[in-house]
Amino acid sequence: MGKIVTKFGGSSLSDAGQFRKVRSIIEKDERRCYVIPSAPGRRFGTDDKVTDLLYRTYSAFKSGEDFRTVYQVIRERFVQIAQELSLSIDINKHLDALENEIAHGVTEDYIASRGEYLNGLLLADYLGYTFLDPKDLVFFSEDGTFDSELTHTVMASTLKHVERAVIPGFYGSITGGDIKTFSRGGSDITGAIVARAASAELYENWTDVNGFLMTDPRIVPEARPIDNITYSELRELSYMGAGVLHEDSVFPVHRAGIPTNIRNTNEPEARGTMIMHGVVEEENPYVITGIAGRTGFSVLSVEKAMMNSEVGFGRRVLQAIEENGLSFEHMPTGIDTMCVVVSAAELEPVKAKVVKRIMDLTAPDSLTIHDDMAIIATVGRGMVQNPGTAAKLFTALSREGVNVRMIDQGSSELSILIGVDEEDFQRAIRAIYNEFVQD
Ligand code: ASP
């Protein structure tokens with residue numbers, strides 16, 4: 001029987017009612033054998049996530065304030081879940097022990113990790129699954145970097161002997177010693193690690209949305225969910241600012257060839273978004289898969305007659321950028337022009353130095369800097385086979401009066417990047433969406 005690794009985000013496990021939904025999802029498919037919980041999230045808009053409360057507990061203790069007031073709120077969240085579900089675990093005993101530990105001084109990572117730890121204990125009890133503590137399975141080196149290979153080896157050999165388990169997300173340990181967490185949202189990474197180690201056929205990431213949307217719903221409120229997307233497309237879209245998954249969670253499963261399915265705990269019948277390795281069997285209804293973008297860029301345009309034949313010109317421009325500690329985002333070039341797109345915030349403090357250095361190194365005919373730029377990526381594996389996609393895109397933009405200042409078609413032919421003035425950003429995204437997505 002194949003295995004499915006299921007990760008549930010904080011809002012999917014925020015109270016007893018959500019725990020019930022989770023159990024019924026797991027019971028629907030016996031392949032769902034390894035479950036990765038986050039800490040309890042928000043139950044309503046103004047509620048607190050338990051992880052945030054834990055960080056607050058730490059700050060209170062650190063600054064010598066009374067940490068017990070915040071801690072009491074955390075305690076009530078866990079006790080309420082345990083009581084409403086009539087669990088057999090004595091959660092108060094664990095909460096007392098933690099309170100005592102905090103009073104004697106523990107690290108911030110340790111406190112932060114306890115949301116997942118305690119929620120994992122509750123969930124394991126509720127499902128009747130084995131509880132596996134990631135402190136013995138997920139490892140970081142002394143310098144704090146995640147040790148993926150050691151983790152993979154230990155995790156894979158442990159899972160061979162455990163048929164059904166709950167493994168809390170978000171943390172591990174510095175080779176069996178101090179607890180260390182991933183960055184925020186890191187339970188996604190734990191889920192991906194477990195999926196790879198279990199050689200799962202599928203990694204399910206259950207959250208509170210119906211999958212990945214074609215574009216930002218704050219810009220296009222009617223944005224449709226994406227049915228199928230490849231990991232490479234996802235990478236392009238996340239790089240441009242679209243996010244549902246923790247960025248570092250994509251690599252382990254992608255490398256292992258395991259598809260990820262983003263699903264909604266509150267609407268389990270919806271199919272969600274399937275993220276596939278390469279070939280996608282079922283095609284999407286549209287030529288494009290998604291649109292994402294970011295503001296806050298500056299474009300440096302360097303122009304010089306015969307630049308094309310001047311050996312080392314590009315290298316010298318990039319040298320000036322590198323020497324000033326900047327990394328560049330894109331680099332569209334023409335015959336006699338070269339544009340380098342950088343973050344405006346990073347450029348600002350070193351602008352004069354960069355300009356001087358480029359002038360000294362390349363003696364260009366002109367050097368202009370265009371600030372307040374936005375970059376929009378229109379991504380779609382279907383664009384390669386559909387001639388006229390670019391024409392459609394630019395027609396839509398010109399109809400809306402959007403001035404396209406830069407064009408860069410990624411070498412993968414997976415995306416078309418355009419640079420527009422920040423004030424045209426939202427209008428441009430809406431124009432592209434409406435052009436390609438008609439219901
Ligand atoms: N609970 C952690 C956070 O709030 C990790 C996670 O939910 O993935 O960031």
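Everything quoted here is computed from the prediction, not taken from an experiment.

A. Representation of the sheet that holds strand S1 (residues 4-8) within the structure. Strand order in this open sheet of 8 strands is S3-S5-S2-S1-S8-S10-S11-S9, and the pairing throughout is mixed. The sheet terminates laterally at strand S3 (130-131) and strand S9 (228-230), the two strands that pair on one side only. Note that strand S8 (residues 202-207) and strand S10 (residues 260-264) share 5 bridges and pair parallel. Residue Trp206 lies in a different strand from S10, and its bridge partner there is Arg263.

B. Representation of the side chain of Thr207. Structurally, Thr207 is set in strand S8. When its relative accessible area of 14% is taken as the criterion, Thr207 is described as buried. For Thr207, the side chain forms a polar contact with the main-chain nitrogen of Val209, separated by 3.3 Å. Thr207 has contacts with Ser12, Ile262, Arg263, Asn264 and Thr265, leaving out every residue within four places of it along the chain.

C. Expanded view of the pairing of S1. Within S1, 5 of the 5 residues are buried, leaving the element largely enclosed by the surrounding structure. With 5 bridges connecting them, S1 and S8 associate as parallel partners. Its bridge partner lying in S8, Val5 is registered against Tyr203. Here S1 pairs with strand S2 (residues 32-37) via 5 bridges, running parallel. Among the inter-strand pairings, Val5 is bridged to a residue of S2, identified as Tyr34. In terms of handedness, the path from S1 via helix H1 (residues 16-27) over to S2 forms a crossover that is right-handed.

D. Spotlight on the site of the ligand. The environment of the ligand is made up of Ser38, Thr51, Glu116, Phe170, Arg184, Gly185, Gly186 and Ser187. Interatomic distance of 2.8 Å between a backbone N/O atom of Gly185 and an oxygen atom of the ligand. At 3.0 Å from an oxygen atom of the ligand is found a main-chain nitrogen or oxygen belonging to Ser187. With the chains in place, 91% of the 260 Å² that the ligand exposes on its own is no longer accessible.

E. Region of the structure containing the pairing of strand S15 (residues 366-379). Bridge count between strand S12 (residues 290-303) and S15: 11 bridges; the pairing is antiparallel. Across the sheet, Ile291 pairs through a bridge with Thr378, a residue of S15. In the sheet, S15 pairs with strand S17 (residues 415-421) via 7 bridges, with the strands oriented antiparallel. Paired with Ala377 across the two strands is Leu417, which belongs to S17.

F. Looking closely at the sheet that holds strand S4 (residues 139-140). Read from one edge to the other, the open sheet built from 3 strands follows the order S4-S6-S7, with strand pairing classed as mixed. Two strands in the sheet have a free side with no partner beyond their single neighbour: S4 and strand S7 (179-181). Two elements, S4 and strand S6 (residues 171-174), share 2 bridges in a ladder whose sense is parallel. Its bridge partner being in S6, Phe139 is matched across the sheet by Ser173.

G. Inspection of the packing of helix H2 (residues 50-62) against helix H3 (residues 68-84) at higher detail. Between H2 and H3, the shortest axis-to-axis distance is 9 Å and the interhelical angle comes to 150°. As summarised for this structure, H2 and H3 are arranged roughly antiparallel, according to the angle between their axes. Seen along the crossing, H2 lies across H3 with a hand that is left-handed. Two secondary-structure elements touch here, H2 through Val50, Leu53, Leu54, Arg56 and Thr57 and H3 through Val70, Tyr71, Val73, Ile74, Arg77 and Phe78.

H. Spatial organisation of the nonpolar core. Of all hydrophobic cores here, the largest spans 73 residues; its most connected members are Val5, Leu159 and Ile376. Per-element accounting of this core gives the leading share, 7 residues, to helix H14 (residues 425-436). When neighbours within four sequence positions are excluded, Val5 is seen to be in contact with Tyr34, Ile36, Gly191, Val194, Ala195, Ala198, Ala200, Leu202, Tyr203 and Glu204. Counting 44 residues, the second largest nonpolar core, distinct from the first, contains Val70, Leu98, Leu118 and Val166.

I. Seen up close, empty space enclosed by the protein. Taken as a whole and judged by the stated rule, the model has 2 cavities of 30 Å³ or more. The calculated volume of the largest cavity comes to roughly 50 Å³. Lining the largest cavity are Met214, Arg224, Pro225, Ile226, Asp227, Asn284, Pro285, Tyr286, Ile288 and Thr289. Here the lining of the largest cavity is composed, by residue class, of 6 nonpolar, 2 polar and 2 charged.

J. Up close: the environment of Tyr58. Topologically, Tyr58 is positioned in helix H2. With 47 residues separating them along the chain, Tyr58 and Gly105 place their C-alpha atoms 9.2 Å apart. In this structure, Tyr58 is in contact with Val106, Thr107, Glu108 and Ile111, ignoring residues within four places of it in sequence.

Parameters at a glance
- Residues numbered from 1 in each chain as written.
- Predicted model: local features only at pLDDT ≥ 70, side-chain atom pairs only at ≥ 80, totals over all residues.
- Heavy atoms only, no water.
- Pairing = 2+ DSSP bridges.
- Helix = DSSP H or I, 4+ residues; strand = E, 2+ residues; numbered from the N terminus.
- Buried < 20%, exposed > 50% of the residue type's maximum accessible area, 1.4 Å probe, protein only.
- Polar contact = N/O pair within 3.5 Å; in protein donor to acceptor, adjacent residues only side chain to side chain.
- Contact = heavy atoms within 4.5 Å.
- Right-handed = clockwise from strand over helix to strand, strands pointing away.
- Near = heavy atom within 4 Å.
- Areas by Shrake-Rupley, 256 points an atom, 1.4 Å probe, with all protein chains shown as cover.
- Axes fitted to C-alpha atoms, helices over the stretch in contact; angles between N-to-C directions.
- Parallel < 35°, antiparallel > 145°, perpendicular 65-115°, else oblique.
- Left-handed = near helix turned anticlockwise from the far one by under 90°.
- Core = buried A, V, L, I, M, F, W, Y, C linked by side-chain atoms within 4.5 Å.
- 1 Å grid on protein atoms, 1.4 Å probe; cavity = no way out; pocket = protein on both sides within 12 Å on 5 of 7 lines; lining within 4 Å.
- Points joined across faces, edges and corners; volume = space filled by probe spheres on them.
- Nonpolar A, V, L, I, M, F, W, Y, C, P; charged D, E, K, R; others polar.

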